[in-house]
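Secondary and tertiary structure notes
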Amino acid sequence: MAELAATEPPGPRAAFGPSRNGGERRTNAPDAAQETQLRSMDLNHVIALLKDSGSKDLEKEQLKTLKKVVKHFENGLPLKDVIQITAILNLCAEKMREQEAFTEPLCELIKLFGLPFQKKKSSDEVNYSVEVSQSIAQLGYLMLVPSSQVKIQICKSIVSFYNMELPGKLLSGYQPTNPNYKIQMAEIGGLAEILVLSLALVENQLTEKLWVLKALQHLSTSGISCGQMVRAQAASRLCLCLNGADPSGQLLFRSSDILWNLLEKASKEEVVDQLRSLECVHALKDVFVDLMCGFRHCDHQLRNDLLVIATLLAEEPAVPMIESGFAKILIVLATCTEVKLPNPLVKGFKLTYSYEDFEMKKLLFNVIGILSKDPSATQLLRENHVMPALLYYVKQNRKPGFPDWSASQYEELQLHAIAVLASVAPVLVDKYLSCQANTLLLMFLEWCAGQDPFFGRGNSFHGRGGCGNKLPQMHYSLRALRSVVALYHDAVNIDLCDQGAISQLLDILKYAAEKCKEKEDTVLLEIQADILFILSVLCESDVHRKELFSCEGIGILISFFKMDPRKLCSGLGYNCLLLSALDCLWSCVIGCYMAEDYFIDQRGVFLLLDLLALKEKNLCNIILGILVELSDNCEAALHMNVWQGKREQTAANLLIQLWRQEELDLGVKRDQYGKIVDTKRPIATSFQKQQKVFPVPASCPSFAIMEISESIRAKVYSLFCKLGFENLPGLSAKDLVTLAIIQRYIDFKIGEVWSEISSEIKEEFRPVTSDEKALKLISEVSENTGRMVLALQTAVLERQHHEEIQEEKKTYKEIQATRIQRDLTNKSWENFLARTSNYEALKKAKMLQNKLIEASKYDAEFQNRTEHSTDIPKLQVTNKKSQRKSRKINL
């Protein structure tokens, strides 16, 4: 490491000359003396003096001058003089290599950097920031000086940055800088990185190394400094220092504390990457083993700190935890108290059941969970009795507290162990079966659902929602069962079913559902979702198990499908629960005719269509899949045909709406009326059109085939094949336009596949004439189908347009007839008013009435009959209603 070149001092300037008016300013006596001394100190002269070399008298003069400088600045360095003091430091360091007499002055000058810097103006901190940061960095480079006294003094001055004490007397006209100013300048100058590199200079000097570590410990409280230390490979350097000889224990304590700060404030990935070497892991292991048998409180704390670091290392697969033997020690230590088998690896270890041992126990369980994800650690887990140790906690806690742990501590360890069991069981299935874990878990679940009094604390991470109940124990036990059931291991699933797991799980499901009605809780929702998943796996491929499930399970599923749709957006987990219920329906009901009939009789198809009408994106695919499977049952198809949603919506209309929305999401081109735009590729998505054609193996599906499984269009087409394409109620012309495309979906999909085949063939080679004609004919057939559908769509729209015109004409005629009737009524009213207000008009109307009466008579028929007068005697009214009333009076 090269020494930082000394910065050239600025040119001579009268920094401390007289005032402009030639006189002295009046001050108090002490301040005046200090000001006079300040002005008499010419640092440029000191620098020039130190550059000279010669006789002993010159050396004495230099030492005397340096003492004056130290005395002069005993209350702090002005910011403007820091760069010159740094130049003096460098010159003293050069002199000291030849004359040890300069060691003391050099240390005294370095001590000045531990005092607060002085500023005249507030802007001085910014104006001199570059010079000050370089000067503080130069302190780190002075670690090259071969003197223990100098190195220790440098570290002491750096430590004083973080415990700044104001001097008893301040310079006249100056004030101390901000307390964090030096720390900020140290960050800018990169002091932390320089000090890390200086560790190599004090490798075999314990006292100096401890002081360097103390300085680094203070510097590591800053995130910027931690980043600089990581660049200098501080993590690996410090890790190799951990097991160094140090009777005081300060080396281990300070090194581990710095490592902690690096992990917290710097890039954790970079720090772990530096610790991944075999040498670092061995060093950690050796120190951990020494501390494992320690009896002091501080030993236990350091042990746990190193265990956390080891946990972080274990998360990285490339770290040689197994090769170094560290993983085996941790596993044996985690299981020794439960298995109680003697092992030389933990000889001398004694569990004291203190709080530190409790924390260690949780950390060790956590390490086991992490190692279970590494396939290379499986054999270690199998050989060191991890499965029996974890199953030790799968039992009811009858006593208020465990003999050695408190009740809350034992509960936390129990929950943690069962949570780790969910990670370990899938990789140790043989041990899981040999230890009869299924039986233990089912018995434990029975206790969890029982009425035995148990007052859980619920004050740990795994005890969420468990205050005063056994829900966390039930939750994590079901998680453990779920993890092994998800393997679809026949021996595990058969063993569960033989012990009556299906009926027991249904009882627990009902218990959890009832509890959830009393109080909504995420833990209860997760419990129900886990049970539904386990039942789905157990019943998926066995008709007899489906029959067992259908007796009680269908009623429970129906209750899930009736949940308030608003709960799906609550964020509590109802969405996941509903998906689990739908998956359970598919696995536990579909395929068993007895179960299907019972589900349909319970209005299950109606409930599924009600859920489908919500148009939730994550629900549509699975609901449509279930309906496709159910549609093979003729009763289900009838229920779909008679279903009506809001505003009398039919199932056909709902399916068409879903189809249109799916095509909109997929970017399929349609015009404003929903008609086909591209007759060559009528159902191609925007993603398919963007993909370039390239040959793929026969076992690899093409984009056209993958689209079938990823979208809902194929399911909608399948349902219409069951419902039919003709005489569907509740469809508009726009629906019929879309239905024409759905009806030809399979033809269009075949055309897409042949188009991909043709493009792949032409990418590789030129087909022969007969093959080329066949491919061209297939392409034309597909395009003609598109044109035919387009023509059908046009005809539907024209028919609709014609019907709209006819309806418009009919409406117009009705309006016209209404208007004519209104005119006649108005005319009649006007005639009535004329008769009542004008006697001549009345006479005229009477004459007209008589004339009409005479004209209506047949002379031949009424010749010999008596004639009756049509006049009412003494009539004085003109209103017909009044006439009828008068007639009644006369009669």
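Our structure is the block above this text.
With respect to the packing of helix α2 (residues 43-51) against helix α4 (residues 82-96)
A pair of packed helices can be characterised by two numbers: the angle between their axes and the separation between those axes. Relative to each other, α2 and α4 sit at 15 degrees, their axes nearing to 10 Å. Taken together, the axes of α2 and α4 lie roughly parallel to each other. You can see that α2 and α4 cross each other, and the crossing is left-handed. In this structure, α2 uses L43, N44, V46, I47, L50 and K51 to contact α4, whose residues at the interface are Q84, I85, A87, I88, L91, C92 and K95. Taken together, the residues of the contact of α2 with α4 break down into 9 nonpolar, 2 polar and 2 charged.

Describing the packing of helix α22 (residues 407-424) against helix α25 (residues 471-485)
Remark: α22 packs on α25, axes separated minimally by 7 Å, with the N-to-C direction vectors making an angle of 15 degrees. Considering their axes alone, α22 and α25 lie roughly parallel with respect to each other. Crossing handedness for the pair α22 and α25: left-handed. Contact residues: E411, Q414, L415, I418, A419, L421 and A422 in α22; P472, Q473, Y476, S477, R479, A480 and S483 in α25. Residue composition of the contact of α22 with α25, grouped by class: 8 nonpolar, 4 polar and 2 charged.

Some details on helix α17 (residues 297-314)
Counted at 1.5 Å a residue, the expected span for α17 with its 18 residues is 26 Å, and the 26 Å between its end C-alpha atoms agrees. Among the 18 residues that make up α17, 13 are buried, leaving the element largely enclosed by the rest of the structure.

Overview of the environment of M229
Counting through the fold element by element, M229 comes out in helix α12 (residues 223-231). With a relative accessible area of 0%, M229 lands in the buried category. The spacing of M229 and A266 is 37 residues in sequence and 8.9 Å in space, taken between C-alpha atoms. Those residues in contact with M229, other than ones at most four positions away along the chain, are A192, V196, L216, S220, A234, I258 and L262.

Some thoughts on the nonpolar core
By size, the foremost hydrophobic cluster in this structure holds 243 residues, and its most contacted members are I88, L262, M321, L557, F561, L612 and F720. Ranked by residue count, the leading element in this core is helix α28 (residues 522-539), at 11 residues. Not counting residues within four places of it along the chain, the set of residues in contact with L557 comprises L532, F549, A581, C584, L585 and V589.

Digging into the pattern of salt bridges
Enumeration according to the criterion identifies 34 salt bridges in this entry. Its salt-bridge partner being R479, residue E526 comes within 3.7 Å of it at the nearest N-O pair. Here E526 is found in helix α28, whereas its partner R479 is found in helix α25, with 47 residues between them in sequence. With a relative accessible area of 24%, E526 lands in the partly exposed category. Residue R479 is classed as partly exposed on the basis of its relative accessible area of 33%. Of the charged contacts in the structure, one is a salt bridge between R566 and D564, with a shortest N-O distance of 2.8 Å. Residue classification places R566 among the exposed residues on the basis of a relative accessible area of 67%.

Cut-offs applied
Residues numbered from 1 in each chain as written. Predicted model: local features only at pLDDT ≥ 70, side-chain atom pairs only at ≥ 80, totals over all residues. Heavy atoms only, no water. Axes fitted to C-alpha atoms, helices over the stretch in contact; angles between N-to-C directions. Helix = DSSP H or I, 4+ residues; strand = E, 2+ residues; numbered from the N terminus. Parallel < 35°, antiparallel > 145°, perpendicular 65-115°, else oblique. Left-handed = near helix turned anticlockwise from the far one by under 90°. Contact = heavy atoms within 4.5 Å. Nonpolar A, V, L, I, M, F, W, Y, C, P; charged D, E, K, R; others polar. Expected span 1.5 Å × (residues − 1). Buried < 20%, exposed > 50% of the residue type's maximum accessible area, 1.4 Å probe, protein only. Core = buried A, V, L, I, M, F, W, Y, C linked by side-chain atoms within 4.5 Å. Salt bridge = Lys/Arg side-chain N within 4 Å of Asp/Glu carboxyl O.

It is worth stressing that arrangement in space is one thing and function is another; only the former is reported here.
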